[in-house]
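Geometric and topological summary
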Amino acid sequence: MYGYQLLRFACLPKEIARTAQWTRTLSPEQLFYLERWKKRMIADLGEEGFKEYSECLFRNGHLFHNAVEDILTAEKKDTDPSDAFGSPEVEGFVDSISHILEDVSGVRAIESTVQHGSLNYLGIVDCVARYRGVLCVIEWKTSERPKPYLSNTYDNPLQVAAYAGALNNDDNYNYQDGSPAHVHQLGSELLLEFWQKWLLRLEDFVEQK
């Protein structure tokens, strides 16, 4: 009986700070840029300053996710969604997705654990809901700069593909229609491409254990 590998992505700038399990499967080029960014930040802020900076960003990411959850569940809780904008620290993040939230409906899961039984991994998906009428996997990411293109999102599509595969394999979720998407929507061909990359990444991790 294999144990499950927990996949959790932290909300840090450039979407490059992840758990040790994920970092171990990064390519040499990705590891190079990760280390270069970290060294540059430490040079600017110092070791203690970088630690405080990272903790602040992680905390704001957590507050942002909580605020989004409050907004999406306001109707169930019989509260006014406008009262659920969370802490002032993340008000700008929430404002930036307000036009997107208007098209999100039929929330099925929020911050929910999903697992892929045959591939032995699990993760915590931010949201499963309908976006413009299509049932989607939604992952919320914070960033210090705009990312208008899918190519700007680094490994995030791998995460969406991993969660989509787990959702379609998890007996606890029997409502999936196989059309996972994000604000950057992934069609079936593109999703399959990232799914194949994800399987290679998972294989690399298993081999390194």
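Since we're looking at a predicted model, the values are computed, not measured.

With that out of the way, let us pick up a negative patch on the surface. Taken together, Glu47, Glu48, Glu52 and Glu55 make up a surface patch of like negative charges. Note on placement: Glu52 falls in helix α2 (residues 28-72). Its relative accessible area of 47% is what places Glu52 among the partly exposed residues.

Let us look at the pairing of strand β3 (residues 121-131). Burial analysis of β3 places nine of its 11 residues in the buried class, the great majority of the element. Where strand β2 (residues 104-116) lies against β3, nine bridges are found, and the strand directions are antiparallel. Opposite Ser105, over in β3, you have Arg130 as the bridge partner. The loop that links β2 with its antiparallel partner β3 comprises four residues; one of these, Asn120, has a positive phi angle of about 60°. Direction of pairing for β3 relative to strand β4 (residues 134-138): antiparallel, over a ladder of five bridges. Note on β4: the bridge partner recorded for Tyr131 is Val134. Turn length for the β3-β4 hairpin, with the two strands adjacent in sequence and antiparallel, is two residues, and the turn residue Arg132 shows positive phi of about 55°.

Attention shifts here to the nonpolar core. Val114, Tyr121, Val125, Val128, Val137, Leu167 and Trp198 are the most contacted members of the largest nonpolar core, which totals 22 residues. Contributing elements (two or more residues each) for this core: β2, β3, β4, α5 (156-169) and α6 (188-208). Broken down by element, the residue count for this core peaks at eight residues, all from α5. By size, the runner-up hydrophobic cluster in this structure holds 18 residues, among which are Phe64, Val90, Leu101 and Tyr131.

The next point concerns the environment of Leu191. Summarising the element assignment, Leu191 is placed in helix α6. Along the chain, Leu191 and Leu158 lie 33 residues apart, while their C-alpha atoms are 8.5 Å from each other.

Turning our eyes to something else, we now look at unusual backbone geometry. Residue Glu111 is not a glycine yet carries a positive backbone phi of 45°. Note on placement: Glu111 falls in strand β2. Taking the relative accessible area as the measure of exposure, Glu111 reaches 29% and is therefore partly exposed. Not every positive phi belongs to a glycine, and Arg132 is a case in point at roughly 55°. Tracing the backbone through its elements, the reader meets Arg132 in the loop between β3 and β4.

Fine structural detail should not be taken from predicted coordinates in areas where pLDDT scores are low. Looking at the protein chain as a whole, its pLDDT mean stands at 79, while 78% of the residues score no less than 70. This stretch, residues 1-19, has a pLDDT under 50; its non-local contacts, to residues over four places away or in other chains, come to 66 contacts.

All right, on to the pattern of salt bridges then. By the definition in use, this model includes three salt bridges. The partner of Asp103 in a salt bridge is Arg132, with the nearest N and O atoms 3.3 Å apart. Residue Asp103 is found in the loop between α4 (98-101) and β2, and its partner Arg132 is found in the loop between β3 and β4; the two are separated by 29 residues along the sequence. On the basis of relative accessible area, Asp103 is assigned to the partly exposed category, the value being 30%. The partner of Lys197 in a salt bridge is Glu193, and the shortest N-O contact between them spans 3.5 Å. Residue Lys197 and its partner Glu193 are both found in helix α6; the two are separated by four residues, about one turn of the helix. On the accessibility criterion, Glu193 (38% relative accessible area) is partly exposed.

Basis of the calculations
- Residues numbered from 1 in each chain as written.
- Predicted model: local features only at pLDDT ≥ 70, side-chain atom pairs only at ≥ 80, totals over all residues.
- Heavy atoms only, no water.
- Patch = residues over 30% accessible without salt bridge, like charges linked within 9 Å, V, L, I, M, F, W, Y side chains within 5 Å.
- Areas by Shrake-Rupley, 256 points an atom, 1.4 Å probe, with all protein chains shown as cover.
- Salt bridge = Lys/Arg side-chain N within 4 Å of Asp/Glu carboxyl O.
- Lys, Arg positive; Asp, Glu negative; His and termini not counted.
- Charge placed at Lys NZ, Arg CZ, Asp CG, Glu CD.
- Helix = DSSP H or I, 4+ residues; strand = E, 2+ residues; numbered from the N terminus.
- Buried < 20%, exposed > 50% of the residue type's maximum accessible area, 1.4 Å probe, protein only.
- Pairing = 2+ DSSP bridges.
- Core = buried A, V, L, I, M, F, W, Y, C linked by side-chain atoms within 4.5 Å.
- pLDDT = per-residue confidence, 0-100.
- Contact = heavy atoms within 4.5 Å.

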